[in-house]
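Understanding the architecture of this molecule
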Amino acid sequence: QRWPSPWGAGFPGWHIECSAISKKFLGQPFDIHTGGVDHIGTHHENEIAQSRAAYGKPLAKYWLHGEFLVIDQKRMGKSEGNFITLADLEKKGINPLAYRYLVLSAHYRQKLNFSWESLKSAEKSLHKLYAQYLAFKSAKKSTASPDKKYLDKFTDVINTDLNTPKALALLHKLIGDKRVPPGVKIGTLNKMDEVLGLGLNEYKPIKAEIPAKILKLAAKREQFRRNKQFVQADRLREKIERLGYVMSDTPAGPVIRRKS
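Calculation criteria
Residues numbered from 1 in each chain as written. Predicted model: local features only at pLDDT ≥ 70, side-chain atom pairs only at ≥ 80, totals over all residues. Heavy atoms only, no water. Pairing = 2+ DSSP bridges. Helix = DSSP H or I, 4+ residues; strand = E, 2+ residues; numbered from the N terminus. Buried < 20%, exposed > 50% of the residue type's maximum accessible area, 1.4 Å probe, protein only. Patch = residues over 30% accessible without salt bridge, like charges linked within 9 Å, V, L, I, M, F, W, Y side chains within 5 Å. Areas by Shrake-Rupley, 256 points an atom, 1.4 Å probe, with all protein chains shown as cover. Salt bridge = Lys/Arg side-chain N within 4 Å of Asp/Glu carboxyl O. Core = buried A, V, L, I, M, F, W, Y, C linked by side-chain atoms within 4.5 Å. Contact = heavy atoms within 4.5 Å. Expected span 1.5 Å × (residues − 1). Arc of directions from axis to C-beta. Phe/Tyr/Trp six-rings, centres within 6.5 Å; stacked < 30°, edge-to-face > 60°. Lys NZ or Arg CZ within 6 Å of the ring centre and 35° of its normal.

**Side note on the sheet that holds strand E4 (residues 74–75)**
Sheet architecture is open: 3 strands sit in the order E4-E3-E5, paired in mixed fashion. In this open sheet, the two strands that pair with only one neighbour each are E4 and strand E5 (112–113). In the sheet, strand E3 (residues 69–71) pairs with E5 via 2 bridges, with the strands oriented parallel. Bridge pairing in E5 links Leu-69 to Leu-112.

**Digging into the environment of Phe-136**
Note on placement: Phe-136 falls in helix H5 (residues 116–139). Look at Phe-136 and you get buried, because its relative accessible area is 5%. A C-alpha to C-alpha distance of 25 Å links Phe-136 and Asn-227, two positions 91 residues apart in sequence.

**Some remarks on a nonpolar patch on the surface**
Taken together, the side chains of Ile-21, Phe-25 and Leu-26 define a hydrophobic patch exposed on the protein surface, amounting to about 360 Å² of accessible area. Relative to the assigned elements, Phe-25 resides in helix H1 (residues 14–26).

**Digging into the nonpolar core**
One finds Leu-189, Met-192 and Leu-198 to be the most contacted residues of the largest nonpolar core, which totals 39 residues. Listed by contribution, the elements that provide at least two residues to this core are E3, helix H4 (96–104), H5, helix H6 (148–159), helix H7 (164–176) and helix H8 (182–196). Top contributing element to this core by residue count: H5, with 7 residues. With residues up to four places along the chain from it excluded, the contact list for Leu-198 reads Leu-97, Arg-100, Tyr-101, Leu-104, Leu-126, Leu-129, Tyr-130, Leu-168 and Asp-193. Listed in part, the 10 residues of the second largest apolar core include Ile-210, Leu-217, Ile-240 and Tyr-245.

**Observations concerning helix H10 (residues 230–242)**
For H10, with 13 residues, the first-to-last C-alpha span of 18 Å sits near the 18 Å given by 1.5 Å per residue. Three or more residues of H10 are buried, namely Ala-233, Leu-236, Arg-237, Ile-240 and Glu-241. Projected down its long axis, H10 shows its buried positions confined to an angular sector of 140 degrees, all on one face. Exposed and oriented more than 90 degrees from the buried face of H10 are Val-231, Arg-235 and Arg-242. Downstream of H10 by one or two residues, Gly-244 has phi in the positive range, about 100 degrees.

**Looking at the side chain of Asp-193**
Its location among the elements puts Asp-193 in helix H8. Those residues in contact with Asp-193 that sit more than four places away from it in its chain are Leu-198, Gly-199 and Leu-200.

**Things to note about the packing of aromatic side chains**
Scanning the model with the defined rule gives 2 aromatic pairs in all. Plain terms: the ring middles of Phe-114 and Trp-116 are 5.4 Å apart, the flat faces sit at 75 degrees to each other, and that makes the pair edge-to-face. Centroid distance Tyr-130 to Tyr-203: 4.0 Å. Interplanar angle 10 degrees. Geometry classified as stacked. With a gap of 73 residues between them, Tyr-130 in helix H5 and Tyr-203 in the loop between H8 and helix H9 (212–226) connect regions that are remote in the sequence. Like Tyr-130, the residue Tyr-203 is buried in the burial classification. If you follow Lys-92 out to its NZ or CZ, it ends over the ring of Trp-116, 4.7 Å from the centre.

Structural measurements only, silent on function.
Here it is in C-alpha coordinates:
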(Lines give C-alpha, C1' and ligand atoms only; values in the text may rest on other atoms or scores of the structure.)
Protein backbone atom coordinates (compact mmCIF):
# COMPACT_ATOMS: atom_id res chain seq x y z
CA GLN A 1 0.00 0.00 0.00
CA ARG A 2 2.07 2.88 -1.37
CA TRP A 3 1.00 5.93 -3.34
CA PRO A 4 3.06 8.62 -5.06
CA SER A 5 2.99 12.19 -3.71
CA PRO A 6 4.90 15.46 -4.32
CA TRP A 7 7.05 14.56 -1.28
CA GLY A 8 7.78 10.95 -2.23
CA ALA A 9 6.05 7.62 -1.69
CA GLY A 10 3.33 7.67 0.95
CA PHE A 11 1.90 4.76 2.92
CA PRO A 12 -0.42 4.28 5.93
CA GLY A 13 1.28 3.88 9.29
CA TRP A 14 0.44 3.86 12.96
CA HIS A 15 -0.27 7.64 12.97
CA ILE A 16 -3.29 7.20 10.68
CA GLU A 17 -4.33 4.03 12.52
CA CYS A 18 -4.49 5.89 15.84
CA SER A 19 -6.51 8.75 14.38
CA ALA A 20 -8.96 6.41 12.59
CA ILE A 21 -9.49 4.05 15.53
CA SER A 22 -9.91 6.81 18.14
CA LYS A 23 -12.35 8.68 15.86
CA LYS A 24 -14.42 5.55 15.35
CA PHE A 25 -14.67 4.50 19.00
CA LEU A 26 -14.35 7.82 20.90
CA GLY A 27 -15.61 10.44 18.46
CA GLN A 28 -13.83 13.72 17.77
CA PRO A 29 -12.83 15.58 19.77
CA PHE A 30 -12.57 13.09 22.63
CA ASP A 31 -11.57 14.18 26.14
CA ILE A 32 -8.02 13.08 26.94
CA HIS A 33 -5.13 11.80 24.83
CA THR A 34 -2.14 10.44 26.76
CA GLY A 35 1.25 9.13 25.77
CA GLY A 36 4.95 9.30 26.47
CA VAL A 37 7.01 12.48 25.95
CA ASP A 38 8.80 10.72 23.08
CA HIS A 39 5.54 10.77 21.07
CA ILE A 40 5.13 14.56 21.06
CA GLY A 41 7.47 15.35 18.17
CA THR A 42 6.28 12.99 15.45
CA HIS A 43 3.42 10.68 16.31
CA HIS A 44 1.10 13.17 18.04
CA GLU A 45 1.86 15.96 15.58
CA ASN A 46 0.87 13.63 12.74
CA GLU A 47 -2.33 12.63 14.52
CA ILE A 48 -3.29 16.28 15.05
CA ALA A 49 -2.46 17.38 11.50
CA GLN A 50 -4.34 14.63 9.68
CA SER A 51 -7.35 14.71 12.05
CA ARG A 52 -7.77 18.48 11.74
CA ALA A 53 -7.36 18.25 7.97
CA ALA A 54 -10.00 15.52 7.72
CA TYR A 55 -12.66 16.92 10.09
CA GLY A 56 -11.77 20.56 10.76
CA LYS A 57 -11.76 20.19 14.56
CA PRO A 58 -9.31 19.07 17.30
CA LEU A 59 -8.61 15.38 17.87
CA ALA A 60 -8.64 15.70 21.67
CA LYS A 61 -9.40 18.37 24.28
CA TYR A 62 -6.44 17.61 26.57
CA TRP A 63 -3.01 16.10 25.90
CA LEU A 64 -1.06 14.60 28.80
CA HIS A 65 2.49 13.43 28.13
CA GLY A 66 4.13 11.24 30.75
CA GLU A 67 7.85 11.38 31.44
CA PHE A 68 9.95 8.22 31.36
CA LEU A 69 10.17 5.56 34.02
CA VAL A 70 13.90 5.20 34.65
CA ILE A 71 15.78 2.11 35.81
CA ASP A 72 19.58 1.85 36.07
CA GLN A 73 19.93 5.33 34.53
CA LYS A 74 18.04 4.20 31.39
CA ARG A 75 14.46 4.56 30.20
CA MET A 76 12.46 1.46 31.03
CA GLY A 77 11.09 -0.13 27.86
CA LYS A 78 11.02 -3.17 25.62
CA SER A 79 13.64 -1.68 23.31
CA GLU A 80 16.02 -1.32 26.27
CA GLY A 81 15.36 -4.88 27.40
CA ASN A 82 14.94 -3.76 31.00
CA PHE A 83 11.18 -3.62 31.47
CA ILE A 84 9.45 -5.18 34.50
CA THR A 85 5.89 -6.49 34.45
CA LEU A 86 3.24 -6.72 37.16
CA ALA A 87 3.70 -10.49 37.03
CA ASP A 88 7.31 -9.93 38.13
CA LEU A 89 6.06 -7.99 41.15
CA GLU A 90 3.58 -10.71 42.08
CA LYS A 91 6.31 -13.36 41.89
CA LYS A 92 8.20 -11.35 44.51
CA GLY A 93 5.07 -11.20 46.69
CA ILE A 94 4.59 -7.46 46.15
CA ASN A 95 1.10 -5.99 45.94
CA PRO A 96 0.78 -4.55 42.39
CA LEU A 97 -1.09 -1.56 43.85
CA ALA A 98 2.19 -0.62 45.56
CA TYR A 99 3.46 0.25 42.09
CA ARG A 100 0.43 2.48 41.55
CA TYR A 101 1.17 4.21 44.87
CA LEU A 102 4.78 4.72 43.75
CA VAL A 103 3.67 6.27 40.44
CA LEU A 104 1.15 8.55 42.19
CA SER A 105 3.93 9.86 44.44
CA ALA A 106 5.62 11.55 41.44
CA HIS A 107 4.12 14.07 39.02
CA TYR A 108 3.50 12.61 35.59
CA ARG A 109 5.68 15.32 34.00
CA GLN A 110 8.71 14.25 36.06
CA LYS A 111 10.94 11.24 35.47
CA LEU A 112 10.40 8.49 38.03
CA ASN A 113 13.41 6.45 39.14
CA PHE A 114 12.41 2.85 39.75
CA SER A 115 14.21 0.64 42.25
CA TRP A 116 13.11 -2.35 44.28
CA GLU A 117 13.89 -0.35 47.42
CA SER A 118 11.57 2.50 46.39
CA LEU A 119 8.86 -0.02 45.50
CA LYS A 120 9.13 -1.76 48.88
CA SER A 121 8.94 1.64 50.57
CA ALA A 122 5.79 2.43 48.56
CA GLU A 123 4.29 -0.92 49.56
CA LYS A 124 5.03 -0.17 53.21
CA SER A 125 3.27 3.21 52.90
CA LEU A 126 0.32 1.57 51.14
CA HIS A 127 -0.16 -1.06 53.83
CA LYS A 128 0.11 1.60 56.51
CA LEU A 129 -2.66 3.46 54.68
CA TYR A 130 -4.77 0.28 54.63
CA ALA A 131 -4.20 -0.21 58.37
CA GLN A 132 -5.21 3.38 59.13
CA TYR A 133 -8.32 3.04 56.97
CA LEU A 134 -9.35 -0.16 58.77
CA ALA A 135 -8.73 1.50 62.14
CA PHE A 136 -11.13 4.33 61.22
CA LYS A 137 -13.64 1.76 60.01
CA SER A 138 -13.53 -0.19 63.27
CA ALA A 139 -13.79 3.01 65.31
CA LYS A 140 -16.92 4.09 63.44
CA LYS A 141 -18.92 1.44 61.62
CA SER A 142 -21.11 3.85 59.64
CA THR A 143 -19.70 6.02 56.85
CA ALA A 144 -20.55 9.72 57.11
CA SER A 145 -20.73 12.35 54.39
CA PRO A 146 -17.33 13.46 53.05
CA ASP A 147 -15.62 16.54 54.44
CA LYS A 148 -16.37 19.25 51.85
CA LYS A 149 -13.29 21.33 52.66
CA TYR A 150 -10.90 18.42 52.09
CA LEU A 151 -12.80 17.20 49.05
CA ASP A 152 -12.77 20.65 47.43
CA LYS A 153 -9.00 20.93 47.99
CA PHE A 154 -8.49 17.44 46.61
CA THR A 155 -10.51 18.27 43.47
CA ASP A 156 -8.52 21.47 43.06
CA VAL A 157 -5.08 19.78 43.17
CA ILE A 158 -6.20 16.97 40.85
CA ASN A 159 -7.56 19.52 38.39
CA THR A 160 -4.29 21.47 38.56
CA ASP A 161 -2.40 19.43 35.97
CA LEU A 162 -3.17 16.12 37.69
CA ASN A 163 -1.01 16.84 40.74
CA THR A 164 -1.13 13.39 42.36
CA PRO A 165 1.76 14.01 44.83
CA LYS A 166 -0.19 16.91 46.37
CA ALA A 167 -3.33 14.77 46.34
CA LEU A 168 -1.55 12.03 48.32
CA ALA A 169 -0.16 14.63 50.74
CA LEU A 170 -3.69 15.95 51.31
CA LEU A 171 -4.96 12.41 51.89
CA HIS A 172 -2.35 11.88 54.62
CA LYS A 173 -3.15 15.27 56.13
CA LEU A 174 -6.78 14.18 56.41
CA ILE A 175 -5.75 10.94 58.12
CA GLY A 176 -3.80 12.85 60.77
CA ASP A 177 -6.46 15.53 61.32
CA LYS A 178 -7.90 14.82 64.79
CA ARG A 179 -10.71 17.31 64.21
CA VAL A 180 -12.31 15.08 61.56
CA PRO A 181 -14.38 12.15 62.96
CA PRO A 182 -13.55 8.58 61.77
CA GLY A 183 -16.83 8.18 59.86
CA VAL A 184 -16.24 11.42 57.95
CA LYS A 185 -12.66 10.34 57.20
CA ILE A 186 -13.94 7.07 55.73
CA GLY A 187 -16.45 8.90 53.52
CA THR A 188 -13.81 11.39 52.33
CA LEU A 189 -11.16 8.71 51.73
CA ASN A 190 -13.65 6.70 49.67
CA LYS A 191 -14.31 9.70 47.40
CA MET A 192 -10.57 10.42 47.05
CA ASP A 193 -9.93 6.79 46.20
CA GLU A 194 -12.38 6.97 43.30
CA VAL A 195 -9.59 8.97 41.65
CA LEU A 196 -6.49 7.34 43.15
CA GLY A 197 -7.68 3.74 42.74
CA LEU A 198 -5.79 2.23 45.70
CA GLY A 199 -8.64 -0.13 46.60
CA LEU A 200 -9.16 1.13 50.15
CA ASN A 201 -12.77 -0.02 50.48
CA GLU A 202 -12.02 -3.40 48.87
CA TYR A 203 -8.96 -4.19 51.00
CA LYS A 204 -9.30 -7.26 53.20
CA PRO A 205 -6.32 -8.21 55.35
CA ILE A 206 -5.16 -11.81 55.38
CA LYS A 207 -6.37 -13.28 58.64
CA ALA A 208 -3.46 -15.04 60.25
CA GLU A 209 -2.80 -15.76 63.89
CA ILE A 210 0.07 -13.61 65.15
CA PRO A 211 2.57 -15.74 67.14
CA ALA A 212 2.97 -14.91 70.83
CA LYS A 213 6.65 -14.09 70.26
CA ILE A 214 5.73 -11.36 67.74
CA LEU A 215 3.02 -9.94 70.01
CA LYS A 216 5.50 -9.79 72.88
CA LEU A 217 8.05 -7.92 70.74
CA ALA A 218 5.33 -5.56 69.51
CA ALA A 219 4.21 -4.78 73.07
CA LYS A 220 7.79 -4.08 74.09
CA ARG A 221 8.28 -1.82 71.08
CA GLU A 222 5.10 0.11 71.94
CA GLN A 223 6.43 0.63 75.47
CA PHE A 224 9.70 2.02 74.06
CA ARG A 225 7.71 4.29 71.76
CA ARG A 226 5.60 5.70 74.59
CA ASN A 227 8.78 6.38 76.56
CA LYS A 228 10.20 8.16 73.46
CA GLN A 229 13.02 5.62 73.22
CA PHE A 230 12.79 5.65 69.46
CA VAL A 231 16.15 3.99 68.69
CA GLN A 232 15.19 0.89 70.69
CA ALA A 233 11.68 0.95 69.18
CA ASP A 234 13.10 1.03 65.64
CA ARG A 235 15.40 -1.90 66.39
CA LEU A 236 12.45 -3.99 67.55
CA ARG A 237 10.45 -3.03 64.46
CA GLU A 238 13.34 -4.20 62.27
CA LYS A 239 13.51 -7.46 64.22
CA ILE A 240 9.77 -8.01 63.75
CA GLU A 241 10.13 -7.38 60.00
CA ARG A 242 13.03 -9.87 59.77
CA LEU A 243 10.71 -12.45 61.33
CA GLY A 244 8.19 -11.90 58.50
CA TYR A 245 5.75 -9.38 60.00
CA VAL A 246 5.04 -5.69 59.43
CA MET A 247 3.87 -3.13 61.98
CA SER A 248 1.84 -0.09 61.03
CA ASP A 249 1.17 2.69 63.54
CA THR A 250 -2.40 4.00 63.34
CA PRO A 251 -4.49 6.42 65.45
CA ALA A 252 -6.11 3.35 67.01
CA GLY A 253 -2.75 1.80 67.89
CA PRO A 254 -0.24 -0.48 66.13
CA VAL A 255 -1.49 -3.03 63.59
CA ILE A 256 0.52 -6.18 62.86
CA ARG A 257 0.24 -8.24 59.69
CA ARG A 258 2.14 -11.02 58.02
CA LYS A 259 4.22 -9.86 55.06
CA SER A 260 2.43 -10.36 51.72
